[in-house]
Amino acid sequence: MSRPPRRTPITSRRATTSGIWPYLLVAPAVLGMLYLLVYPLARAVLISFQDFGLRQLILGDAHFTGFDNYTQLLSDPRFWTVVRRTFLFMAVNVALIMILSTLVALMVERLGRFGRTAVLSALVLTWAMPVVAATTVFQWLFHSEFGIVNHALTGLGFSGFEGYPWLAHGPAAFAILVTLVVWQSVPFAAITLYSALTTVPTELYEAARIDGASGFRIFHAVTLPIVRPIFMLVLSLEVIWTFKAFVQIWVMTRGGPGDATTILPVYAVQTALAQQRYDLGSAASMLTVLLMSGVLIAYFRQMFRQENEL
């Protein structure tokens, strides 16, 4: 007499189905990320090793040239000038952003409900303003003929600023772009740091004041050790964002006057569009990613070393 066929338990089938569902739900997001992030990056890496100009863009007959594009970039003195300017731009912006955002966060923590609401609302509105709109506003503020900055300075007695062309002078244009990037970046950093400050127990502040500690001593010995992880996270994000700043510079000066405001992302676009050398532009983009990754790796190694010492 033959045995009846074995049936898979219903609970086992349900467990298998429930185990697949999370992957099915996450799959669209993963596929979208691969298409929007990984594929363009892989395509840029591939182009950076090819002879890829306008002809190859149309006909698609690109061929590999090895490291010739990277060799050409690394042997170009202008490229290294742009690299130095990029690091200067990043260092100035990050230093100002972290100092100002920390001071704003400490101020907001000490305000009353009405003042805190007003300041946080202003920060959120500033943060929400589109980059192109904010850049256009700054262009009009510093316009040589119709800008309110020249009008205000002239009204205060500084007659030398009448019709002063801010964006036609390299240091002035550089300073305006730094001001713009800092103005746009401080709200996010300040709100994030303020959220971290709210997690510090008030008992620690009271104990430190009873011991006679000054305000700076309280911040250095009590506040900073507790909010250090968030502080380091904000610092890392600001390094990334300022290192790859592009929209503000491209809309306002396109890297000019001369090369006074050209940093690596702008240099890559200039090379790709103006010279129709998409291979060199991709190589410059890859070098930008490598340099930014090197800065972050060195920074994280130093941070982890300090944490281990503590």
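First, a word on what this report is: a plain description of the structure on this page. Everything numeric in this text was worked out from a predicted model, so none of it was measured.

**Re the nonpolar core**
In step 1: Grouped together as the largest cluster of nonpolar side chains are 66 residues, with contacts concentrated most on L73, F79 and F89.
In step 2: With sequence-adjacent residues up to four places away left out, F89 is seen in contact with F174, L177, V178, V181, T242, A245, I249 and I263.

**Description of the side chain of S282**
In step 1: Its location among the elements puts S282 in helix α13 (residues 278–309).
In step 2: Looking at S282, the relative accessible area reads 11%, which means it is buried.
In step 3: Those residues in contact with S282 that sit more than four places away from it in its chain are A44, I47 and S48.

**What to know about the packing of aromatic side chains**
In step 1: Evaluation of the coordinates by the stated rule reveals 19 aromatic pairs.
In step 2: The interplanar angle of 65° and the centroid separation of 5.2 Å between the aromatic rings of F188 and W241 together place this pair among those described as edge-to-face. Placement of F188 in helix α8 (residues 170–197) and of W241 in helix α10 (residues 215–243) is noted, with a sequence separation of 53 residues between them.
In step 3: Judged by relative accessible area, which is 36%, W241 ranks as partly exposed.
In step 4: With a centroid separation of 5.5 Å and an interplanar angle of 20°, the aromatic rings of F246 and W250 are classed as stacked.
In step 5: One aromatic cluster is present, built from ring pairs that chain together F138, F142, F158, F161, Y164, W166 and W183.

**Describing the side chain of D279**
In step 1: Position of D279 relative to the elements: it lies in helix α13.
In step 2: With a relative accessible area of 0%, D279 lands in the buried category.
In step 3: A polar contact of 3.0 Å, which involves the side chain of D279, links it to the side chain of R277.
In step 4: Those residues in contact with D279 that lie beyond four places of it in its chain are I47, S48, Q50, D51, F52 and N69.

Calculation criteria
- Residues numbered from 1 in each chain as written.
- Predicted model: local features only at pLDDT ≥ 70, side-chain atom pairs only at ≥ 80, totals over all residues.
- Heavy atoms only, no water.
- Core = buried A, V, L, I, M, F, W, Y, C linked by side-chain atoms within 4.5 Å.
- Buried < 20%, exposed > 50% of the residue type's maximum accessible area, 1.4 Å probe, protein only.
- Contact = heavy atoms within 4.5 Å.
- Helix = DSSP H or I, 4+ residues; strand = E, 2+ residues; numbered from the N terminus.
- Phe/Tyr/Trp six-rings, centres within 6.5 Å; stacked < 30°, edge-to-face > 60°.
- Polar contact = N/O pair within 3.5 Å; in protein donor to acceptor, adjacent residues only side chain to side chain.

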